[in-house]
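Spelled out from the first residue to the last, the chains are:
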Amino acid sequence: MTVIVRDFRPGDAAAVVRVRRATIPYSVTTEESLHFTVRSANPAAKYRMLVAEDGGEVIGMSHVGLAYDSAEPGQSRVNPHVHPDYTGRGVGSAILRAAEEHLAAEGATTAFGWVNDEPASLAFAARRGYSPLRTARFQRLDLAGATLPEPLRLPAGCAVATAADFTDDPRALFEADAEATADEPGDVNTNLDDYEDWLNNVWHHPCLDRRLSTLVVADGRIAAFALVHTDRATTYLSAMTGTLREHRGRGLAKAAKADSLRRARAAGYTDAFTNNDAHNEPMLAVNRWFGYQVSASEVRHVRELT
């Protein structure tokens with residue numbers, strides 16, 4: 001077996017989708033989204049999508065880049081994925097080695113990555129010098145068979161809208177996303193302070209379904225939102241759910257998500273996924289209320305590169 005690690009090429013898209021769907025089926029990956037990720041990457045990220053091939057067959061991949069949107073310099077991200085048929089043969093090590101060399105050359109001092117919460121993957125991370133930090137829970141809802149709640153009554157002055165209603169000027173959604181993201185649990189603090197970058201990477205993302213992304217508007221301003229990614233076929237993924245600080249504790253995020261899920265089922269989606277930090281009890285409680293069940297876990301790991 002001769003493994004070659006190289007940069008993604010347009011013709012790799014279908015094979016990379018197969019790898020990702022085999023390793024993280026609770027995510028949404030399409031060929032279009034892969035091309036978009038490479039094309040729209042911020043230059044400051046020094047981003048590369050690495051693929052591993054053997055005999056011309058793509059059997060692994062990784063997103064690699066600097067955390068340019070963090071206030072702390074030197075942080076980076078790497079997430080190797082190897083098709084289950086090829087694990088234990090050095091493919092992950094080859095990808096990770098190439099990724100770390102690239103990141104270190106671009107000034108990274110710390111690398112963060114998510115690792116599947118199962119013995120072989122955790123042991124691989126430990127052998128490579130990565131230490132565990134925290135856990136995230138992936139949850140699945142059988143959208144076709146679930147009993148969804150009736151539309152929730154909103155407080156006076158609140159109304160439901162969709163992201164599609166903000167197509168002409170999405171800046172208000174950017175500002176809401178920035179505030180909610182700043183309060184998300186995590187080990188890499190993210191500052192959403194570049195509107196153009198947000199437009200390029202969030203608003204124009206091909207998996208963002210603006211029709212199914214629900215907003216709750218209070219007195220004309222966004223108070224809560226549930227952004228959604230779909231594969232335009234059967235799979236629905238909660239990309240970001242948040243409530244602005246002054247409106248928390250009013251059930252608005254729950255109302256936004258309830259509306260979005262009901263419309264997603266009406267549109268023919270059958271599987272809904274979401275992901276929460278294991279310590280984000282408010283959102284975990286909301287998702288349990290909807291009937292989501294934990295389907296997988298990942299453990300955040302870190303390694304100092306210098």
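Heads up: the structure comes first, above all this text.
Our subject in this report is the structure included herewith. (Residues numbered from 1 in each chain as written. Predicted model: local features only at pLDDT ≥ 70, side-chain atom pairs only at ≥ 80, totals over all residues. Heavy atoms only, no water.)

Brief notes about the sheet that holds strand E5 (residues 110-116)
As summarised here, the arrangement of the twelve strands in space is E1-E2-E3-E4-E5-E12-E6-E11-E10-E9-E8-E7, forming an open sheet in which the pairing is mixed. At either margin of the open sheet sits one strand with a lone partner, and together these are strand E1 (3-7) and strand E7 (158-162). Sheet twist, expressed as the average angle between the axes of neighbouring strands with direction ignored, equals 25 degrees. Across seven bridges, strand E6 (residues 131-142) lies against strand E11 (residues 271-277) in antiparallel orientation. Directly across from Gln139, in E11, lies its bridge partner Thr274. Contacts between helix H3 (residues 91-105) and the sheet are confined to E1, strand E2 (48-54), strand E3 (57-66), strand E4 (75-82) and strand E12 (293-304), with E4 contributing the most and set at about 160 degrees to the helix. (Pairing = 2+ DSSP bridges. Helix = DSSP H or I, 4+ residues; strand = E, 2+ residues; numbered from the N terminus. Axes fitted to C-alpha atoms, helices over the stretch in contact; angles between N-to-C directions. Contact = heavy atoms within 4.5 Å.)

Some details on the pairing of strand E9 (residues 221-230)
Among the ten residues that make up E9, nine are buried, leaving the element largely enclosed by the rest of the structure. In this structure, strand E8 (residues 214-218) lies alongside E9, joined through five bridges in antiparallel fashion. Among the inter-strand pairings, Thr214 is bridged to a residue of E9, identified as Ala226. Remark: two residues form the turn of the hairpin made by E8 and E9, two consecutive strands paired antiparallel; Asp219 in that turn has positive phi of roughly 50 degrees. Where E9 meets strand E10 (residues 235-243), seven bridges bridge the pair, whose relative direction is antiparallel. Residue Leu227 lies in a different strand from E10, and its bridge partner there is Met240. Hairpin connection between E9 and E10: a loop of four residues separates the two successive antiparallel strands, and Arg232 in this loop has a positive phi of roughly 65 degrees. (Buried < 20%, exposed > 50% of the residue type's maximum accessible area, 1.4 Å probe, protein only.)

Regarding the packing of aromatic side chains
Throughout the structure, instances matching the rule amount to six aromatic pairs. Note on Tyr26 and Phe138: the rings are 4.0 Å apart at their centroids and 35 degrees apart in plane angle, and the pair reads as tilted. You can see Tyr26 sitting in the loop between helix H1 (13-23) and helix H2 (31-40) and its partner Phe138 sitting in strand E6, a full 112 residues away along the chain. On the basis of relative accessibility, which here comes to 8%, the residue Tyr26 falls in the buried class. The class of Phe138 is buried, set by a relative accessible area of 9%. When the centroid spacing of 6.0 Å and the interplanar angle of 20 degrees are considered together, the rings of Trp198 and Trp203 count as stacked. A relative accessible area of 3% places Trp203 in the buried class. These aromatic residues form a ring-pair network of at least three members: Phe174, Tyr195, Trp198 and Trp203. Seen from the ring of Tyr195, Arg171 lies directly overhead, with NZ or CZ sitting 4.0 Å from the centre. Above the face of the Trp289 ring, Lys254 is positioned so that its terminal group lies 4.2 Å from the ring centre. (Phe/Tyr/Trp six-rings, centres within 6.5 Å; stacked < 30°, edge-to-face > 60°. Lys NZ or Arg CZ within 6 Å of the ring centre and 35° of its normal.)

Digging into the pattern of salt bridges
Counted according to the given criterion, the structure contains 14 salt bridges. The residue Asp69 makes a salt bridge to Arg77 at a minimum N-O spacing of 3.5 Å. You can call Asp69 buried: its relative accessible area is 18%. On the accessibility criterion, Arg77 (26% relative accessible area) is partly exposed. Across the salt bridge formed by Glu100 and Arg303, the nearest N and O atoms sit 2.8 Å from each other. (Salt bridge = Lys/Arg side-chain N within 4 Å of Asp/Glu carboxyl O.)

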